[in-house]
Amino acid sequence: MCGIIGFTGTQDALPVLLDGLTKLEYRGYDSAGVAVQVCDGIRMIKSSGQIRCLRKKIAESGMLPGCSGIGHTRWATHGAPTDTNAHPHMSNNGKFAVVHNGIIENYIELREELTAKGYVFSSETDTEVIVHLLDMYYSGDCKKAVMKAAARLQGSYALGVICADFPGSVFAVKQESPLIIGVGAGENYFASDVTALADHTKNLIYLEDGEFAELTPVKAAVFDCTGAEIAKPITRIVWDVGASQKSGYDHFMLKEIYEQPRALKAAIEPRVKNNRITFDGFDMTNEEARKISKIIVTACGSAYYAGCVGRYAIEELCGVPVEMDYASELRYRSPIVDENTLLIVISQSGETADSIAAVKELKRRGVRVLAIVNVVASTIANLADNVIYTWAGPEIAVATTKGYTTQVAALTMFALWFSEKLGRISESRYDALVKELLLLPGLAQRAIDLNPHIQDLALRYHNNSSIFFIGRNIDCAVCLEGSLKLKEISYIHSEAYAAGELKHGTIALIEPGRLVVALCCHTALFDKMMSNIREVKARGAEVLGVALEGDRRILMEADDVIYVPKADPLLGAIPRIIPLQLFAYYVAKCNGCDIDKPKNLAKSVTVE
Ligand code: AGP
């Protein structure tokens with residue numbers, strides 16, 4: 001989704017802005033632009049396409065000399081990804097320039113009002129109303145104009161504003177879209193996320209909704225919505241310096257697949273103390289735990305699929321019913337909840353608009369919220385009553401890998417911890433599961449070691465136009481994620497089905513040569529899977545079986561086999577998904593796809 005950056009200091013702003021935009025590329029975008037305060041006003045250059053197109057345009061039209069400015073990568077929502085619709089947007093008199101991430105819901109009324117007042121619109125965006133509002137409310141005090149314009153906006157927005165009358169000042173406003181301030185020595189920044197700033201400063205200020213900031217080279221002043229200055233803590237972040245580099249890997253996705261053993265170690269080991277699961281800063285009395293009569297798990301995309309895996313562990317170990325809800329749907333139905341409901345929201349970024357909205361809605365109804373989140377101090381982490389961080393480290397590739405597996409690990413640890421609170425688990429089962437949890441990083445590594453075999457399979461199957469994934473129980477949940485991975489980066493049509501459900505309609509799509517990936521790792525359901533494999537083979541499908549190491553029965557039916565390391569049935573999703581991540585990666589690579597930045601997708605989906 002859109003990324004914004006702002007800078008003010010004593011060095012040239014342009015390289016900082018372009019570097020920041022490059023770091024924000026991973027969020028997904030289709031046009032980009034910058035505006036710099038130059039000696040006689042504001043100069044702006046923008047371009048559809050990638051940042052290299054913007055760089056080319058800047059090089060052709062001469063540099064933009066100036067020490068403060070704003071930049072933007074746009075993921076089109078209102079209007080096509082054209083040069084004109086790209087941000088920044090400028091007021092008719094050239095006094096203001098604005099960048100925006102989010103959606104202005106009342107832009108049609110505002111556009112009509114501003115047009116009636118004589119403002120001329122040049123783009124189809126919702127954003128352009130903001131810059132004309134600024135101009136309308138401006139009478140020499142930029143801070144006041146920012147406040148007044150923001151007060152008229154409905155929706156979600158992170159804004160960056162510069163005004164020709166205030167050289168050296170950049171303004172940033174936050175309302176339901178991610179925005180952080182970076183505090184440097186003699187220079188200050190704002191950005192959509194830390195990736196854009198980490199090379200410049202580790203000192204951050206997290207803005208709350210409704211707050212705004214005026215940055216000059218020497219001060220980062222933060223105000224509440226009434227304009228009163230407020231003292232904000234500066235947080236020093238720890239940032240893995242290699243996070244924003246590919247470190248020799250062809251793609252961030254591959255690097256992040258390989259980082260999974262380390263990420264799982266970071267997610268699991270600190271939580272196991274004296275053989276007991278504990279979560280820092282999050283506890284519940286046994287009595288509180290026993291009052292919870294229902295758990296709703298909500299999330300989007302892969303995070304939702306991680307929830308689908310976790311559900312098995314929670315229901316089996318805790319005996320508490322779990323409802324799964326897409327966050328984009330949860331807020332628009334009437335879930336039956338009360339003070340004994342626990343909402344678990346899962347999000348890598350912590351900034352997904354649908355998940356944020358679902359959390360707000362259920363909080364409004366008095367539900368306690370536990371967030372499983374990767375990005376520290378993100379919106380969802382701040383909104384939730386309790387947080388379990390997944391500690392996966394920064395994830396840059398749009399297709400999540402270590403984000404997903406650490407979510408699954410965190411959910412399983414929660415299930416184990418909760419089952420103990422409820423007194424539902426035997427000491428021996430608890431000990432065995434803790435032991436198995438600690439083995440997961442090693443199992444993940446063994447799954448990664450299957451890489452050469454997976455490359456061969458990708459070479460063999462990459463030309464298929466449609467690939468099906470079938471499985472039962474947890475394998476079925478793993479199929480959902482395996483299929484999503486494949487389609488989002490390789491653009492190959494794919495569907496995931498509960499193996500027993502296929503014959504109720506979808507089997508009509510199975511024809512000679514169609515690839516079916518069949519997960520057969522659930523020992524108790526192995527024979528059922530064999531029957532399902534026979535059904536698709538009878539219709540000409542080729543079958544790539546995924547089975548537990550040493551299980552030779554699969555060779556009777558499958559054309560090819562991936563043998564995955566054995567694990568406890570509740571933890572098996574992690575070693576099983578990794579070969580499917582690699583399969584998606586190499587299929588996409590064989591097909592020449594832009595793996596880290598798949599078309600139409602964004603890393604963090606900050607609009608509804
Ligand atoms: C996963 O590969 C996707 N890119 C996407 O489904 C993602 O998991 C989803 O948008 C949720 O994101 P979040 O975890 O940051 O909330």
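All of these numbers come straight from a predicted model, not from anything done at the bench.

S.K.: I keep staring at the site of the ligand and nothing clicks. Help me out?
M.R.: With respect to spatial proximity, 14 residues lie near the ligand, and among them Ser-347, Gln-348, Ser-349, Thr-352 and Glu-488 are the closest. One of the side-chain nitrogen or oxygen atoms of Lys-485 is found 3.0 Å away from an oxygen atom of the ligand. Glu-488 is positioned with one of its side-chain polar atoms (N or O) 2.4 Å from an oxygen atom of the ligand. When the free accessible area of the ligand is taken as 410 Å², the share hidden by the protein chains comes to 91%. Taken together, the elements giving at least two residues each to the shell around the ligand come down to α9 (301–318) and α16 (474–490). Taken together, the residues of the shell around the ligand break down into five nonpolar, seven polar and two charged.

S.K.: So what exactly am I meant to see when it comes to the sheet that holds strand β25 (residues 515–519) here?
M.R.: Paired through their backbone hydrogen bonds, the strands of a sheet run either parallel or antiparallel. Read across the open sheet, the five strands follow the order β24-β23-β25-β26-β27; overall the sheet is parallel. The sheet is open, and its two edges are formed by β24 (493–498) and β27 (560–564), each paired on a single side. For this sheet, the mean inter-axis angle between neighbouring strands, taken without regard to orientation, is 20 degrees. Of the pairings in the sheet, the one linking strand β26 (residues 542–548) to β27 comprises five bridges and is parallel in character.

S.K.: Would you mind showing me how to read the side chain of Thr-406 here?
M.R.: With respect to the element layout, Thr-406 can be found in helix α13 (residues 402–421). Apart from the residues within four sequence positions on either side, Thr-406 is in contact with Ala-263, Leu-264, Ala-267, Thr-390 and Ala-392.

S.K.: Honestly, the domain arrangement of the chain in this entry has me stumped. Any pointers?
M.R.: For an interface, size is often stated in terms of accessible area lost upon the parts coming together. Per the domain assignment, the segments of the chain are domain 1 (3–240), domain 2 (247–448) and domain 3 (454–590). The gap between the C-alpha centroids of domain 1 and domain 3 is 46 Å.

S.K.: How should the nonpolar core be read in this particular structure?
M.R.: In a soluble, globular protein the nonpolar side chains are often hidden away together inside. The biggest cluster of nonpolar side chains holds 103 residues, and the ones touching the most others in it are Ile-277, Ile-295, Ile-344, Phe-414, Phe-418 and Phe-583. Top contributing element to this core by residue count: helix α18 (residues 573–590), with 12 residues. When residues of this core are assigned to domains, at least three map to each of domain 2 (247–448) and domain 3 (454–590). If you look at the next biggest cluster of nonpolar residues, it comprises 29 residues, including Phe-96, Val-98, Val-129 and Leu-133.

S.K.: For this particular structure, what's the right way to read the side chain of Asp-354?
M.R.: Among the secondary structure elements, Asp-354 is positioned in helix α11 (residues 353–364). In this structure, Asp-354 is in contact with Cys-300, Ala-327, Ser-328, Arg-331 and Glu-608, ignoring residues within four places of it in sequence.

S.K.: How do you make sense of unusual backbone geometry when you look at a structure like this?
M.R.: With an omega of 0 degrees, the peptide bond running from His-87 to Pro-88 counts as cis. When you line up the elements, Pro-88 lands in the loop between β4 (68–74) and β5 (89–90). The phi dihedral of Ala-377 is positive, around 60 degrees, even though this residue is not glycine. You can see Ala-377 is positioned in the loop between β21 (368–373) and α12 (379–383).

Definitions and cut-offs
- Counting starts from 1 at the beginning of each chain's written sequence and moves along it residue by residue.
- Residue-level local features of this predicted model are given only where pLDDT is at least 70; pairs of side-chain atoms are given and counted only at 80 or more, and the full residue set underlies all totals for whole chains, interfaces and linings.
- Hydrogens and water are ignored here; the side-chain numbers use all heavy atoms of the structure.
- The criterion for a residue being near a molecule or strand is simple. One of its heavy atoms has to lie within 4 Å of it.
- What qualifies as a polar contact is a pair of N or O atoms within 3.5 Å, subject to a donor-acceptor requirement within protein and to the restriction that residues adjacent in sequence count only when both atoms come from side chains.
- Only the protein chains shown count as covering a residue, and every accessible area follows the Shrake-Rupley method with a 1.4 Å probe.
- Elements are defined by DSSP. Helices are runs of H or I of four residues or more, strands are runs of E of two residues or more, and each kind is numbered from the N terminus.
- Put simply, Ala, Val, Leu, Ile, Met, Phe, Trp, Tyr, Cys and Pro go in the nonpolar bin, Asp, Glu, Lys and Arg in the charged bin, and everything else, Gly too, in the polar bin.
- The criterion for strand pairing is that DSSP finds at least two bridges linking the strands in question.
- An axis is simply a line fitted to the C-alpha atoms; with a helix, the fit covers only the stretch in contact. Between two such axes, the angle follows the N-to-C directions and lies from 0 to 180 degrees.
- Note on definitions: a residue-residue contact is assigned when non-hydrogen atoms from the two residues lie within 4.5 Å.
- All the domain ranges listed were derived from an automatic or database domain assignment.
- Here, nonpolar core refers to any group of buried Ala, Val, Leu, Ile, Met, Phe, Trp, Tyr and Cys residues whose side-chain atoms link them within 4.5 Å.
- Buried means the residue's accessible area, taken with a 1.4 Å probe over protein chains only, is under 20% of the maximum for its type, while exposed means over 50%, and partly exposed covers the values in between.

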